[in-house]
Amino acid sequence: QLQGICPGHTKGVRQLSFSQPSVDGVFLASACQDCTPMLRDGDNGDWVGSFVGHKGAVWSTHLNPDATRGVTGSADFTWRYWDATTGAELRSVATEHAVRAVRLSPSHDRVAVAGNSKTLSIYDLNSPESDPISTGVGPDVVKAVMWSPDGAKVISDGGSPSSLQTWDARTGAVVQSISLPGPVRDLDQQNSTLAVATPGHVLIFSMEDGLRETSRIEMKTDITSACLQPRSVGGKTLLVVGEAKDYSVGLHDVASGDQVAKLTGHHGPVHCVRFHPDGAHFASASDDATIRL
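Residues numbered from 1 in each chain as written. Predicted model: local features only at pLDDT ≥ 70, side-chain atom pairs only at ≥ 80, totals over all residues. Heavy atoms only, no water.

J.: Would you take a moment to explain the state of the cysteines for this structure?
T.: Here a disulfide denotes a covalent bond joining the sulfur atom of one cysteine to the sulfur atom of another. Evaluated as defined, the whole model comprises 0 disulfides. Free of any disulfide, Cys-227 has its nearest cysteine sulfur in Cys-272, 7.9 Å distant. (Disulfide = S-S within 2.5 Å.)

Take a look at the structure:
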């Protein structure tokens, strides 16, 4: 059921990030090609504020659990760290190429940054003058990064076509490489479970001891994004996927892989889908410049 449509952006919305529940509620950050990431009330989509400063499309964003800090990555060759309570820019770091993926560590004191440079860099937020830990990923542009639950490793695409790489966050060394049925379109983590979206499949991995594939769901359409339900509702765990060609959102039963609902309404490809932490709601972001709840 459509809860609301969130206007405000003027170009395609590329990524979403929900916070966890806090004393002030749940918040939702959006990265957009209009250069201005936004913060919204995660329950009703009401606009809270904008992060002003980027000079190019913003491809990625991530909020810390209580929505007091956020990070963004942009085509303007910078990543930026924000006070999400005031919108103030706390740090802006120039890079040699467009930034396509950013992710705060579980301890919230480091940020993984990657993109068109085909490298993965890890910055210490408590030590602004220190050099990042960087490693060449190549040969492909890196579009997705994720931390292991303990913060000891970083997972990314880009190492080679249709593969997933796990890196030691201290040394930058590869510790695991996994072949996939297609290129990575999206990564999403819920607790110690990782969902990997490829054009025709969603692969589910346990992250408890390295990456171990636990299930593989075949999709009948080209998908762009996937997100696991953070907790079961009604005895089922659902997977939400964004679809590229017919601009729809699909809900699938993880156990059977069956599609249980198909939602339409967007007027452009769906770039990102993310569940609200309560597991009963989710958001979708589209090239039509809107977010739907």
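J.: Please clarify how the packing of aromatic side chains should be interpreted in this entry.
T.: Aromatic ring pairs: the centre-centre distance and the angle between the two ring planes describe each pair. Under the criterion given, the structure shown has 3 aromatic pairs. Both rings, one in Trp-79 and one in Tyr-123, keep their centres 5.0 Å apart while their planes meet at 55 degrees; by these two values the pair is tilted. One end of the pair, Trp-79, is in strand S8 (residues 78-83); the other, Tyr-123, is in strand S12 (residues 119-124), with 44 residues separating them in the sequence. No difference in accessibility class separates Trp-79 from Tyr-123, as the two residues are buried. (Phe/Tyr/Trp six-rings, centres within 6.5 Å; stacked < 30°, edge-to-face > 60°. Helix = DSSP H or I, 4+ residues; strand = E, 2+ residues; numbered from the N terminus. Buried < 20%, exposed > 50% of the residue type's maximum accessible area, 1.4 Å probe, protein only.)

J.: Sorry if this is basic, but what is going on with the pairing of strand S25 (residues 259-263) here?
T.: Here is the key point about a regular strand: its side chains alternate between the two faces of the sheet. In the sheet, strand S24 (residues 249-253) pairs with S25 via 4 bridges, with the strands oriented antiparallel. Looking across to S25, one finds that Leu-251 is bridged to Ala-261. Hairpin connection from S24 to S25: 5 residues lie between these consecutive antiparallel strands, with Gly-257 at a positive phi of about 80 degrees. (Pairing = 2+ DSSP bridges.)

J.: Before we go on, may I ask you to explain the side chain of Ser-206 in this structure?
T.: Summarising the element assignment, Ser-206 is placed in strand S20 (residues 201-206). Among the polar contacts listed, one links the side chain of Ser-206 to the backbone nitrogen of Glu-208, at a separation of 3.4 Å. (Polar contact = N/O pair within 3.5 Å; in protein donor to acceptor, adjacent residues only side chain to side chain.)

J.: Just checking my understanding: could you explain the sheet that holds strand S16 (residues 163-168) for this structure?
T.: Hydrogen bonding along the main chain pairs the strands of a sheet, whether they run parallel or antiparallel. With respect to topology, 4 strands assemble into an open sheet ordered S14-S15-S16-S17, the strand pairing being antiparallel. The sheet is open, and its two borders are formed by strand S14 (145-147) and strand S17 (174-179), each paired with just one other strand. Put simply, the sheet's adjacent strands are angled 20 degrees from each other on average, direction ignored. Where S16 meets S17, 5 bridges bridge the pair, whose relative direction is antiparallel. Across the sheet, Gln-165 pairs through a bridge with Ser-177, a residue of S17. (Axes fitted to C-alpha atoms, helices over the stretch in contact; angles between N-to-C directions.)

J.: Any chance you could explain the environment of Thr-166 here in plain terms?
T.: Among the secondary structure elements, Thr-166 is positioned in strand S16. The class of Thr-166 is buried, set by a relative accessible area of 5%. Sequence separation of Thr-166 and Pro-230 is 64 residues, and the distance between their C-alpha atoms is 23 Å.

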